[in-house]
Amino acid sequence: MMTNRFANTWAILRLDLRHDWLKITLWIGGLAGLMVIAAGKFGGIYSTQQALVSIAETLKTPAMVALFGPFTATPPYAVAVIYGAEMMVFMGLFAAMMNVYFAVHATRAEEDSGTAELILARAVGRQSQLAAAMLELVLINVAAGCLEALGLQAANMAGSNAAGDWLFGLGLAAFGLMFGAAALLAAQVMSSARGATTLSYGWLGVTFIARMATDVANPDWTWWTFFGWIEKMGLYTTNRWLPVGLMLGFSVVVLAIAVTVAATRDIGAGIVSPRPGRRTARAWLQGPLTLLVRLERTSTLIWWLGLFILGAAYGSIFGTVGDLVKSNPMLAKLLGNSGVTAANHAVILSLANTLTVIFAVVATIPAVTTLLRLNTEERQGRLELLHAAPVSRLRLFSATVIQALVSGTAALALGVLGMAVAGNAVMTSPISLARFMRGFVGYWPALLVVCGLAALLVGCWPRWQRLIWLVPVYGVLSKYLGPMLNFPDWAQRLTPYGWVNAVPQHAVAWPPVAGMVALGVAFLVIAGIGYRRRDLTMN
Amino acid sequence: MTEVLTVDHLQKRFGQFQALKDISLTIHAGEVFGFIGPNGAGKSTTIRTLLGILRPTAGHATIFGLDAWRDAVKIHRRLAYVPGDVNLWPNLTGGEVIDFLLRLNGQQHSARTDALIQQFELDPAKKARTYSKGNRQKVALIAAFSSDAELYIFDEPTSGLDPLMEEVFQQQVLALKQAGKSVLLSSHILSEVERMCDRIAIIRQGTIIEVGSLSEMRQLSRSTVHVTTQQPLAAIADWPTVHQFTASTPTQAVFAVDAEAMGQVMATLSQLGIVALTTTPPTLEDLFLRYYNSEAGHDDESLR
């Protein structure tokens with residue numbers, strides 16, 4: 001029985017590792033490097049007790065709790081404590097993303113491409129690929145965790161200790177494995193790699209929003225959000241290992257379910273059997289643009305809904321965030337009622353700025369995915385039939401750009417709208433929708449420039465198109481963590497997200513908006529010319 | 001006859017690799033043109049260049065008198081194409097893909113489309129991700145056959161079809177031929193090419209090495225002779241135009257003869273008193289193997 005199911009697992013694991021070693025090295029090196037560099041910077045920034053107290057007060061405000069998780073330490077504060085509080089949620093997100101990628105890549109993606117069939121015809125157990133993927137995830141996470149812990153020990157922040165360093169590293173490993181296990185389950189349930197990735201990110205998003213909402217409302221409930229376990233480790237203070245145990249236990253349960261589900265389904269199929277579809281096409285399916293709309297319909301709607309919910313989730317804490325009097329009763333006496341309202345609004349608008357950057361970065365993902373699709377589809381040979389039809393390359397390219405910009409633009413608008421609607425529902429003195437929408441107007445050109453860059457790679461340097469992901473990743477890093485890490489001005493301005501002025505606090509600065517729109521359009525035009533002139537990528 | 005497609009000293013280079021060295025061929029209106037050659041010889045590259053998917057490094061390809069690269073869209077309005085490896089959008093049904101491809105060429109789902117769906121026994125309500133290779137090919141074939149085009153290009157269209165479906169395919173191509181359409185058929189199934197094609201081009205390592213009708217090619221090749229005579233025929237074995245002579249008895253032998261020497265051989269044999277005689281013209285397979293192997297450095301003499 002065991003040999004029938006798991007024969008040759010080790011051989012497959014070796015193949016997977018050989019196949020992925022460069023990606024694994026880059027991911028692990030990137031994550032550990034980020035942690036060590038941040039640890040080094042923290043020592044410099046928070047060198048005085050005064051600076052530590054001031055950042056601790058900031059971290060206790062609901063806005064910061066929503067972004068970074070709760071801050072529960074008591075004075076005197078050490079650098080390591082601040083570091084742990086600021087980095088855990090953020091690093092957890094990256095660790096989860098890495099695991100989703102490798103989990104889907106090693107299972108569902110292999111089935112989609114047909115390699116799984118080739119391997120299963122050999123003396124290989126039916127579930128060996130799943131087992132090898134599990135082992136691969138364990139190895140990746142343990143390696144990442146150890147490297148991170150060793151890096152933290154080397155960085156040797158004030159107030160750090162070996163127990164905390166190893167708890168952070170191995171805690172991240174367990175946390176990553178928990179989401180990797182969920183992605184392995186998603187790969188059994190869904191019938192395509194794309195579906196499995198979407199479901200995994202959906203799960204990550206739901207737990208993240210639940211963690212944020214409970215952190216702001218009542219941190220005890222955060223125990224029930226799965227994501228929240230990473231916050232309960234009390235890094236460099238209480239150093240609790242219980243959450244790590246919970247994460248590992250949950251991973252084992254999910255993996256067991258994945259194995260059970262895998263045993264009941266056919267290779268290449270999900271557990272939901274495909275329904276028959278239409279015998280003929282709808283009348284509106286006429287050209288490349290409508291084809292893209294049809295192909296991306298489901299994922300576009302998921303992104304739009306997701307952005308709206310994310311916006312609404314953040315907006316729903318504006319009532320707590322914008323109530324400074326609650327945390328500081330003296331303020332009412334000092335400022336008077338109108339003064340308090342103005343101060344509350346200032347806090348909310350400043351948070352809205354950070355949130356709008358996040359929405360802009362997230363909205364970039366569906367837009368860029370659509371643009372990259374032009375070459376991905378080409379490599380999979382799907383566009384050969386289209387290229388043999390009377391569809392000019394310019395038309396196909398333009399259709400892709402239009403679909404990308406529409407889905408990205410609407411996603412950004414819906415994020416801001418969700419934030420404004422939910423925020424105004426809970427605030428005592430609302431802020432006009434138009435004010436929040438300044439954020440949309442301000443950040444939309446950044447979205448356009450990133451799309452232009454992506455199109456440029458797609459059109460002119462298709463082999464390098466994946467490099468575009470560095471822009472949103474660095475964008476969120478520099479705007480989310482940058483202020484905490486005292487990034488210099490130029491470092492925050494490396495991506496278009498850093499070229500926007502502080503909206504919605506201030507009015508939209510039109511000259512940079514005009515400049516960025518011109519730049520984005522210029523990139524798109526050059527990309528279109530490049531795409532027309534080159535050979536199409538071949539499978 | 002008017003020329004539908006002309007390829008003139010076409011070359012294509014991918015970096016260091018010269019995929020097409022010298023491709024020249026012409027297809028006339030109403031002609032079924034066969035395109036054969038071993039794997040990797042450049043058949044698909046040639047076709048993709050004809051479709052404007054690849055840009056020629058040198059030389060020209062014109063279809064309907066228009067430049068294949070510059071006027072791709074104008075040309076594509078008047079042709080239908082079936083790739084060798086049909087890849088479809090996994091979440092569309094076969095029916096949706098067929099209609100979509102027809103509409104791209106300004107055409108509609110017709111009674112003919114329904115008839116073809118029936119003939120090819122395709123279930124158009126299934127999602128493309130569940131189709132086998134053969135079923136995906138059927139989708140592209142149905143879309144192509146139900147389009148009203150002037151030129152049809154098929155790149156190994158039957159590699160995934162069962163023999164019954166292959167028969168349906170051949171009937172459809174012959175129907176196109178009768179309707180006066182032009183067809184470019186690249187195939188590995190030589191019997192298919194032999195049966196349907198008016199003229200054939202053989203490509204090898206990016207170069208067209210032979211173009212002509214099958215009978216013209218046979219003229220250039222050797223026929224196999226099985227003969228029994230009354231008197232011993234060993235003397236023929238030494239003729240320079242006779243090859244692979246094997247005698248089972250002194251009066252019975254099998255050998256190959258160059259086409260131009262056939263008359264002389266027959267005259268000599270009849271003087272020896274023929275008891276039984278069969279001559280077999282070379283099949284396309286023989287021709288193909290001969291060209292293929294001579295490239296691989298084999299001596300012609302080692303072949304039938």
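Residues numbered from 1 in each chain as written. Chains lettered and ligands numbered in written order. Predicted model: local features only at pLDDT ≥ 70, side-chain atom pairs only at ≥ 80, totals over all residues. Heavy atoms only, no water.

As annotated in an unreviewed UniProt entry, chain B carries the name ABC transporter ATP-binding protein and comes from Lacticaseibacillus nasuensis JCM 17158.

What chain A contains, in helices and strands, is 21 helices and 0 strands. At 24 Å, chain A has a C-alpha radius of gyration in line with the 24 Å of a compact globule built from 539 residues. With the principal axes as the frame, chain A shows a C-alpha extent of 75 × 55 × 40 Å. Within the span of chain A, comprising 539 residues, buried residues form 54% of the whole. Residue pairs in contact within chain A that sit at least 24 positions apart in sequence constitute 79% of those at least 6 positions apart. Roughly 22600 Å² of accessible area belongs to chain A as shown, and the carbon and sulfur atoms make up 68% of that amount. Of the side-chain charges in chain A, 36 are positive and 22 negative, and the distance between the mean point of each set is 8 Å. (Helix = DSSP H or I, 4+ residues; strand = E, 2+ residues; numbered from the N terminus. Rg over C-alpha atoms; globule rule 2.2 N^0.38 Å. Buried < 20%, exposed > 50% of the residue type's maximum accessible area, 1.4 Å probe, protein only. Contact = heavy atoms within 4.5 Å. Areas by Shrake-Rupley, 256 points an atom, 1.4 Å probe, with all protein chains shown as cover. Lys, Arg positive; Asp, Glu negative; His and termini not counted. Charge placed at Lys NZ, Arg CZ, Asp CG, Glu CD.)

Partitioning chain B into structural domains gives domain 1 (3-217) and domain 2 (222-281). Between the C-alpha centres of domain 1 of chain B and domain 2 of chain B the distance comes to 43 Å. (Domains from an automatic or database assignment.)

Attention now goes to the pattern of salt bridges. Pairs can form between side chains of opposite charge once their charged atoms are near each other. Summed over all chains, the structure comprises 18 salt bridges over all chains. For B:Asp198, the salt bridge is made with B:Lys177, and the minimal N-O distance between the two is 3.1 Å. Here B:Lys177 lies in helix 6 (residues 163-178) and B:Asp198 lies in the loop between helix 7 (190-196) and strand 9 (199-204), a separation of 21 residues in the sequence. On the basis of relative accessibility, which here comes to 26%, the residue B:Lys177 falls in the partly exposed class. Overlapping salt bridges bring together A:Arg194, A:Glu296, A:Arg373, A:Glu377 and A:Arg382 as one network. (Salt bridge = Lys/Arg side-chain N within 4 Å of Asp/Glu carboxyl O.)

Let's shift gears to the UniProt feature "domain: ABC transporter" (unreviewed entry) in chain B. Within the UniProt annotation, "domain: ABC transporter" (unreviewed entry) is assigned to residues 5-230 of chain B. Between the end C-alpha atoms of residues 5-230 of chain B there is a gap of 54 Å, over a span that is 33% helix and 31% strand. (UniProt positions renumbered as here; feature names shortened; annotations may be inferred.)

With that out of the way, let us pick up the domain arrangement of chain A. Interfaces are often sized by the amount of accessible area the parts lose when they come together. All names here are of chain A. Segmentation of chain A into domains returns domain 1 (1-271) and domain 2 (284-539). The C-alpha-based centres of domain 1 and domain 2 are spaced at 26 Å. Considering only the surface of domain 1 that becomes buried against domain 2, Leu67, Phe90 and Arg194 emerge as the three largest contributors, covering 26% of it. The tally of links from domain 1 across to domain 2 stands at 1 salt bridge. As a salt-bridge pair, arginine 194 and glutamate 296 come within 3.7 Å of each other at their nearest N and O atoms. Between the two partners, domain 1 and domain 2, sit 1 residue pair in polar contact (both at pLDDT 80 or more). Sorting the residues of the side of domain 1 that touches domain 2 by element identifies helix 2 (9-45), helix 4 (62-68), helix 5 (79-106) and helix 10 (193-217) as the ones contributing at least two each. In the side of domain 1 that touches domain 2, the residues fall into 20 nonpolar, 1 polar and 3 charged. (Buried area = accessible area lost by both parts, 1.4 Å probe. Polar contact = N/O pair within 3.5 Å; in protein donor to acceptor, adjacent residues only side chain to side chain. Nonpolar A, V, L, I, M, F, W, Y, C, P; charged D, E, K, R; others polar.)

Let's shift gears to the interface of chain B and chain A. Listed as interface residues are 40 residues of chain B and, on the opposing side, 41 residues of chain A. Of the roughly 3600 Å² buried where chain B meets chain A, counting both sides, 58% is carbon and sulfur surface. Summed over the three residues of chain B that lose the most area to chain A, namely B:Ile53, B:Trp89 and B:Arg103, the buried surface amounts to 19% of that side. Inspection of the chain B/chain A interface yields 3 salt bridges. Put simply, B:Arg48 and A:Glu384 hold a salt bridge, and the shortest N to O gap is 3.1 Å. Here chain B and chain A share 20 residue pairs in polar contact (both at pLDDT 80 or more) between them. Elements represented by at least two residues in the side of chain B that touches chain A include exactly strand 1 (3-14), helix 2 (72-76), strand 6 (79-82) and helix 3 (94-104) of chain B. At 7 residues, the largest contribution of residues to the side of chain B that touches chain A is made by helix 3 of chain B. By residue class, the composition of the side of chain B that touches chain A is 20 nonpolar, 9 polar and 11 charged.

Turning next to the sheet that holds strand 14 (residues 274-280) of chain B. Residue and element names in this part refer to chain B. Taking strand neighbours across the sheet as the criterion, the 4 strands line up as 12-13-11-14 in an open arrangement whose pairing is antiparallel. Among the strands making up the open sheet, the edge pair consists of strand 12 (242-249) and strand 14. For this sheet, the mean angle separating the axes of adjacent strands, direction not counted, is 15°. Lying over the sheet, helix 9 (residues 262-271) contacts strand 11 (222-229), strand 12, strand 13 (252-258) and strand 14, oriented at roughly 165° with respect to strand 14. (Pairing = 2+ DSSP bridges. Axes fitted to C-alpha atoms, helices over the stretch in contact; angles between N-to-C directions.)

All names here are of chain A. At a closest axis distance of 8 Å, the pairing of helix 8 (residues 128-155) and helix 9 (residues 162-189) adopts a crossing angle of 160°. On the basis of the axis angle, helix 8 is roughly antiparallel to helix 9. Here helix 8 runs over helix 9; the crossing is right-handed. Per-class residue counts for the contact of helix 8 with helix 9 are 19 nonpolar, 7 polar and 2 charged. (Parallel < 35°, antiparallel > 145°, perpendicular 65-115°, else oblique. Left-handed = near helix turned anticlockwise from the far one by under 90°.)

Residue and element names in this part refer to chain A. A cluster of nonpolar side chains, contributed by Leu289, Val293, Ile402 and Val406, occupies part of the molecular surface with about 290 Å² of accessible area. When contributions to the nonpolar patch are tallied by element, the ones reaching two or more residues are helix 12 (288-315) and helix 17 (393-426). Tracing the backbone through its elements, the reader meets isoleucine 402 in helix 17. (Patch = residues over 30% accessible without salt bridge, like charges linked within 9 Å, V, L, I, M, F, W, Y side chains within 5 Å.)

Here we come to the packing of aromatic side chains. Under the counting rule described, the total for this entry stands at 23 aromatic pairs over all chains. Considering the side-chain rings of B:Trp89 and B:Phe100, the 6.1 Å spacing of their centres and the 90° angle between planes classify their relative orientation as edge-to-face. Residue B:Trp89 is located in the loop between strand 6 and helix 3, and its partner B:Phe100 is located in helix 3; the two are separated by 11 residues in the primary sequence. Judged by relative accessible area, which is 0%, B:Trp89 ranks as buried. Ring geometry for B:Phe145 versus B:Phe169: centroids 5.9 Å apart, planes at 55°, classification tilted. Of this pair, B:Phe145 sits in helix 5 (residues 133-145) while B:Phe169 sits in helix 6, and the two are 24 residues apart along the sequence. Both residues of the pair, B:Phe145 and B:Phe169, count as buried. Within the aromatic cluster, the residues linked to one another by ring pairs are B:Phe120, B:Phe145, B:Tyr152, B:Phe154 and B:Phe169. Sitting above the plane of the A:Phe208 ring, A:Arg211 keeps its charged end 5.0 Å from the centroid. A cation sits over an aromatic face here: B:Arg78 above B:Phe64, 4.0 Å from the ring centre. (Phe/Tyr/Trp six-rings, centres within 6.5 Å; stacked < 30°, edge-to-face > 60°. Lys NZ or Arg CZ within 6 Å of the ring centre and 35° of its normal.)

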